[in-house]
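Take a look at the letters that make up each chain.
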Amino acid sequence: MSVLVLGGAGYIGSHAVYQLIDQGEHVVVVDNLETGHREAIHHEATFYEGDIRNVDFLRSVFKKEAIESVIHFAANSLVAESMENPLKYFDNNVYGTQVLLKAMVEHDVKKIVFSSTAATFGEPESVPITELQQTNPTNPYGESKLMMEKLMKWTEKAYGIKYVALRYFNVAGARETAEIGEDHFPETHLIPIILQTALKKRAHVTIFGVDYDTDDGTCIRDYIHVEDLIQAHLLALDYLREGNPSNVFNLGSSQGFSVKQMIETAKEVTGRDIPVKMGPRRSGDPSILIASSEKAKKVLGWTPKRTSVSKIMLDAWKWHSSHQDGYKKEVKK
């Protein structure tokens, strides 16, 4: 039996594939390579290139492979882009999930772990954010993920598919061996942008908004190491395999760091200068997002081990400094 990883060529999905194979699982990867990288796919995984919105393609994968469970990362995930092109997000994220669930129903696959987001909460009522807080997305990306959760809820009621939705915050870092890491184009995530600036691949880091209601005026976010994050996905899969009910969990470090603090951490880790420029706020950006992960720790037994931002930054630096052009070209040592 196999675990199907949708979006397994992407940043987070590829780390899931590596950890699943580390644990002896047989893994099937589906990815359309719109933002993923063929080079990021573990050589022991079975790979199918295609789009999850194509039901005939998905049916062919389920028919060929003995799929026991699904981990779903396949989605567009840029807040700013979602504000400019909301229909793209509802098409790819929501409709894609609808097609996936249809294929799962047809092939009697009853377990799915889903990559959701803290963006489902919008501007939080209080921090740290617990699962009990009201969901009120402030951008189409968060709205699309919340709709994906609701699709799973109603599909469970009708067909008995059990799910775990994991709502997480800013994911960063890389596999400690630097075999795989974060490579987006265009890059929009803060830590890669900071490190690319340290490598002189960029002239400066732009800080979007310095007038937030925080100590230094810049946004505060909760950063989680990608390897800790994937551990939670694997624990969620075990939770479903043990016959537990569907559930939703927040994942984070329960500590927040501002944009300016992350830049200072990068300077310490890299020993390099990182020029900064100030820019206007981006629409849809809440000022503070920090997660409470107590439920995940209690119910799933999740124990994140890489919670230091210095560790997160160091592992990211190992990847970026040895793959300065991402998966295109490795730097010879």
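You'll find the structure just up there.
Now for a look at the structure at hand.

What counts, and where the lines are drawn
- Residues numbered from 1 in each chain as written.
- Predicted model: local features only at pLDDT ≥ 70, side-chain atom pairs only at ≥ 80, totals over all residues.
- Heavy atoms only, no water.
- Salt bridge = Lys/Arg side-chain N within 4 Å of Asp/Glu carboxyl O.
- Helix = DSSP H or I, 4+ residues; strand = E, 2+ residues; numbered from the N terminus.
- Pairing = 2+ DSSP bridges.
- Axes fitted to C-alpha atoms, helices over the stretch in contact; angles between N-to-C directions.
- Contact = heavy atoms within 4.5 Å.
- Core = buried A, V, L, I, M, F, W, Y, C linked by side-chain atoms within 4.5 Å.
- Buried < 20%, exposed > 50% of the residue type's maximum accessible area, 1.4 Å probe, protein only.
- Parallel < 35°, antiparallel > 145°, perpendicular 65-115°, else oblique.
- Left-handed = near helix turned anticlockwise from the far one by under 90°.
- Nonpolar A, V, L, I, M, F, W, Y, C, P; charged D, E, K, R; others polar.
- Expected span 1.5 Å × (residues − 1).

**Thoughts on the pattern of salt bridges**
Here is step 1: Applying the stated criterion across every chain, the model contains 27 salt bridges.
Here is step 2: In this structure, the salt-bridge partner of Arg241 is Glu25, at a minimum N-O distance of 2.7 Å. Remark: Glu25 occurs in the loop between α1 (11-22) and β2 (26-31) and Arg241 occurs in helix α7 (residues 226-241); sequence separation between them is 216 residues.
Here is step 3: Notably, a salt bridge pairs Asp108 with Lys110, separated by 3.5 Å at the nearest N-O pair.

**Overview of the sheet that holds strand β6 (residues 162-168)**
Here is step 1: Here we have seven strands laid out as an open sheet, ordered β3-β2-β1-β4-β5-β6-β11, and parallel in their pairing. Looking along the sheet, the strands with just one partner apiece sit at the ends: β3 (46-49) and β11 (247-251). Each neighbouring strand pair of the sheet contributes to a mean axis angle of 20 degrees, computed without reference to strand direction.
Here is step 2: Relative to β6, strand β5 (residues 111-117) runs parallel, the two being bridged by seven bridges. Counterpart to Lys111 in the pairing with β6 is Lys162.
Here is step 3: The sheet contacts of helix α4 (residues 86-106) involve β1 (2-6), β4 (67-72) and β5, and relative to β4 the element is tilted by about 170 degrees.

**Here's the deal with the nonpolar core**
In globular proteins that are soluble, nonpolar side chains generally tend to be buried together.
Here is step 1: Ile12 and Leu251 are the most contacted members of the largest nonpolar core, which has 35 residues in total.
Here is step 2: Counting residues per element, the ones that place at least two in this core are β1, α1, β2, β6, α7, β11 and α9 (294-300).
Here is step 3: A per-element tally of this core places α7 first, with nine residues.
Here is step 4: Beyond its immediate sequence surroundings of up to four residues, Ile12 is in contact with Phe73, Tyr168, Val171, Val226, Leu229 and Ile230.

**Section: the packing of helix α6 (residues 190-198) against helix α10 (residues 309-322)**
Here is step 1: As a packed pair, α6 and α10 sit with axes 10 Å apart at the nearest point and diverge in direction by 55 degrees. Viewed along their axes, α6 and α10 adopt a mutual orientation that is oblique. Crossing angle aside, the handedness with which α6 passes α10 is right-handed. On α10, the residues that touch Ile191, Pro192, Leu195 and Ala198 of α6 are Ile312, Met313, Ala316, Trp317 and His320.
Here is step 2: Its residues assigned to classes, the contact of α6 with α10 shows eight nonpolar, one polar and no charged.

**A short note on helix α5 (residues 140-159)**
Here is step 1: In a regular helix each residue adds 1.5 Å, so 20 residues correspond to 28 Å; α5 covers 28 Å between its end C-alpha atoms and thus fits that length.
Here is step 2: Among all positions in α5, only Pro140, Tyr141, Gly142, Ser144, Lys145, Leu146, Met148, Glu149, Met152, Thr155 and Glu156 are buried.
Here is step 3: The inward-facing, buried residues of α5 abut β4, α3 (79-84), α4, β5, β6 and β11.
Here is step 4: The first or second residue beyond α5 is Gly160, which carries a positive phi of 80 degrees.

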